[in-house]
Amino acid sequence: MMTGKVFLVGAGPGDPDLLTIKAHRLLQQADVVLYDRLVGADIIAMIPEATEKLYVGKAKSLHSLPQDQINSLLARKAKEGKVVVRLKGGDPFIFGRGGEELEELVEEGVSFEVVPGVTAAAGCAAYAGIPLTHRDYAQSVRFLTGHLKDGTTELPWDELVHPSQTLVIYMGLTGLESISQSLIRFGMRPSMPVAIVEKGTSSEQRVFTSTIKDVVGVAQQNEVKSPALLIIGEVVTLQDKLAWFSA
Ligand SMILES: C[S@@+](CC[C@H](N)C(=O)[O-])C[C@H]1O[C@@H](n2cnc3c(N)ncnc32)[C@H](O)[C@@H]1O
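If you're wondering where the values come from, they're calculated on a predicted model, not measured in any experiment.

Analysis parameters
Residues numbered from 1 in each chain as written. Predicted model: local features only at pLDDT ≥ 70, side-chain atom pairs only at ≥ 80, totals over all residues. Heavy atoms only, no water. Pairing = 2+ DSSP bridges. Helix = DSSP H or I, 4+ residues; strand = E, 2+ residues; numbered from the N terminus. Axes fitted to C-alpha atoms, helices over the stretch in contact; angles between N-to-C directions. Contact = heavy atoms within 4.5 Å. Buried < 20%, exposed > 50% of the residue type's maximum accessible area, 1.4 Å probe, protein only. Near = heavy atom within 4 Å. Polar contact = N/O pair within 3.5 Å; in protein donor to acceptor, adjacent residues only side chain to side chain. Areas by Shrake-Rupley, 256 points an atom, 1.4 Å probe, with all protein chains shown as cover. Nonpolar A, V, L, I, M, F, W, Y, C, P; charged D, E, K, R; others polar. Domains from an automatic or database assignment. Buried area = accessible area lost by both parts, 1.4 Å probe. Core = buried A, V, L, I, M, F, W, Y, C linked by side-chain atoms within 4.5 Å. Salt bridge = Lys/Arg side-chain N within 4 Å of Asp/Glu carboxyl O. Arc of directions from axis to C-beta.

Details of the sheet that holds strand β10 (residues 228-232)
And then number 1: Pairing in this open sheet of 5 strands is mixed, and the strands run β6-β7-β10-β8-β9 from one edge to the other. Sheet topology places β6 (140-145) and β9 (206-211) at the edges, where each strand pairs with a single neighbour. Sheet twist, expressed as the mean angle between neighbouring strand axes with direction ignored, is 20°.
And then number 2: Pairing of strand β7 (residues 165-170) with β10 involves 3 bridges; the strand directions are antiparallel. In the strand pairing of β10, valine 168 is matched with isoleucine 231.
And then number 3: The strands that helix α5 (residues 120-128) touches are β6, β7, β8 (193-198), β9 and β10; relative to β10, the one it contacts most, it runs at about 75°.

Right, here's the structure in full:
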């Protein structure tokens, strides 16, 4: 039997209109689609009924597979001769473990392609009306993960407190207090503007603006839930003028 192929595909941050044409075509052609928690129901609904759909979720979920089992399932399905779409929220190469899954495919001799998606930073910034760079405010932007390790968020704080730089923090909600305190301790002015974008680009998007000093209280008062993205920097002040999307 001919070996199939795996397509590692980014689904974008939520709005199904942000799927690429290539992603949409592959979803119609796939024999099997393995998808994550962050891929919205609107996108899953675009997959033909006859296609095998496997939810592989996230480690916290009861109905999910550990990463090594996802990796071997991908290889096994391709070796059965199937066209396999591995569908991930946002972009598969940005905090998406896409690289780990491909390494296993290389070891197993399975061929693959990668289809980029709109990452949460780009999607949330656009739909919140916050340009991540702007000639007057920020000449660089950094994407970071706020994921906790041993109860602390390990980030190169001294490099992050930098003028004219926007910070975009993925998975920063759990460690928000530690992030806020560390940035202030390393010299960020307490009034630095911050935006929290919850469920960005979706019909349930909420955007809250605050300062690095007060952001924890704002998140708590509004019961912000995951998925949420933090945008920190002077560019956040443009949101008042440039917001266009109403969920
Ligand atoms: C495991 S990372 C995956 C990122 C994904 N690969 C990407 O490129 O957007 C998950 C985190 O991305 C962020 N995220 C993803 N989609 C989002 C959305 N629609 N709104 C806000 N944050 C989002 C959140 O910080 C979430 O905890």
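Quick notes on the environment of proline 227
And then number 1: For proline 227, the position within the fold is in the loop between α8 (215-221) and β10.
And then number 2: With 150 residues separating them in the primary sequence, proline 227 and lysine 77 have C-alpha atoms 30 Å apart.
And then number 3: Here proline 227 is in contact with Leu38, Val197, Glu198 and Lys199, once residues within four sequence places are set aside.

Observations concerning the pairing of strand β1 (residues 5-10)
And then number 1: Counting buried residues along β1, 5 of its 6 residues qualify, which places the element largely inside the surrounding structure.
And then number 2: Here β1 runs beside strand β4 (residues 83-88); their pairing, made up of 6 bridges, is parallel. In the strand pairing of β4, leucine 8 is matched with arginine 86.
And then number 3: As paired strands, β1 and strand β5 (residues 111-115) are joined by 5 bridges and run parallel to one another.

Details of the site of the ligand
And then number 1: Around the ligand, the surrounding shell holds 18 residues, and the nearest of these are Ile94, Thr119, Met171, Gly200 and Ala228.
And then number 2: For the ligand, an oxygen atom lies 2.8 Å from a polar atom in the backbone of aspartate 91.
And then number 3: Between the ligand and the protein, one listed contact pairs an oxygen atom with a backbone N or O atom of alanine 228 at 2.7 Å.
And then number 4: Coverage of the ligand by the protein amounts to 92% of the 570 Å² it exposes when considered alone.
And then number 5: Sorting the residues of the shell around the ligand by element identifies α5 and β10 as the ones contributing at least two each.
And then number 6: Split into classes, the residues belonging to the shell around the ligand amount to 12 nonpolar, 4 polar and 2 charged.
And then number 7: Lining the shell around the ligand are residues from two domains, each supplying at least three of them: domain 1 (5-115) and domain 2 (120-242).

Comments concerning the domain arrangement of the protein chain
And then number 1: Examined at the domain level, the protein chain breaks down into domain 1 (5-115) and domain 2 (120-242).
And then number 2: For domain 1 and domain 2, the distance between their C-alpha centres works out to 28 Å.
And then number 3: The partner domain 2 presents 12 residues to the 8 residues of domain 1 that form the contact.
And then number 4: For the pairing of domain 1 and domain 2, the buried interface totals around 790 Å² over both sides, and the portion due to carbon and sulfur atoms is 69%.

Things to note about the nonpolar core
And then number 1: Core analysis: the biggest nonpolar cluster contains 23 residues, and Leu160, Leu167, Leu183, Met188, Ile196, Ile212 and Ile232 have the highest contact counts within it.
And then number 2: Only α6 (157-160), β7, α7 (176-185), β8, α8 and β10 provide two or more residues apiece to this core.
And then number 3: Here the element with the most residues in this core is α8; it accounts for 4 residues.
And then number 4: Filtering out sequence-adjacent residues up to four positions away, leucine 160 remains in contact with Arg142, Leu144, Leu155, Gln165, Leu167, Leu183 and Met188.

Overview of the pattern of salt bridges
If charged atoms from side chains of opposite charge come close, those side chains can pair.
And then number 1: For the structure on display, the rule yields 14 salt bridges.
And then number 2: With a closest N to O distance of 2.8 Å, glutamate 113 and lysine 5 form a salt bridge. You can see glutamate 113 sitting in strand β5 and its partner lysine 5 sitting in strand β1, a full 108 residues away along the chain.
And then number 3: Relative accessible area serves as the criterion here: at 25%, lysine 5 is assigned to the partly exposed category.
And then number 4: With its nearest N and O atoms 3.1 Å apart, the salt bridge here joins aspartate 36 to arginine 86. Of this pair, aspartate 36 sits in the loop between β2 (32-35) and α2 (41-44) while arginine 86 sits in strand β4; the two residues are 50 residues apart in sequence, bridging distant segments of the chain.
And then number 5: Assessed through its relative accessible area of 1%, arginine 86 is described here as buried.
And then number 6: Look at the salt bridges and you will find they share partners, linking Asp36, Arg86, Lys88 and Glu101 into a network.

Remarks on helix α1 (residues 21-29)
And then number 1: When we look at burial in α1, the residues that qualify are Ala23, Leu26 and Leu27. Buried residues in α1, looked at end-on, bunch into an arc of 105°, giving them a common side.
And then number 2: Packed against the buried residues of α1 are β1, β2, α2, β4 and β5.

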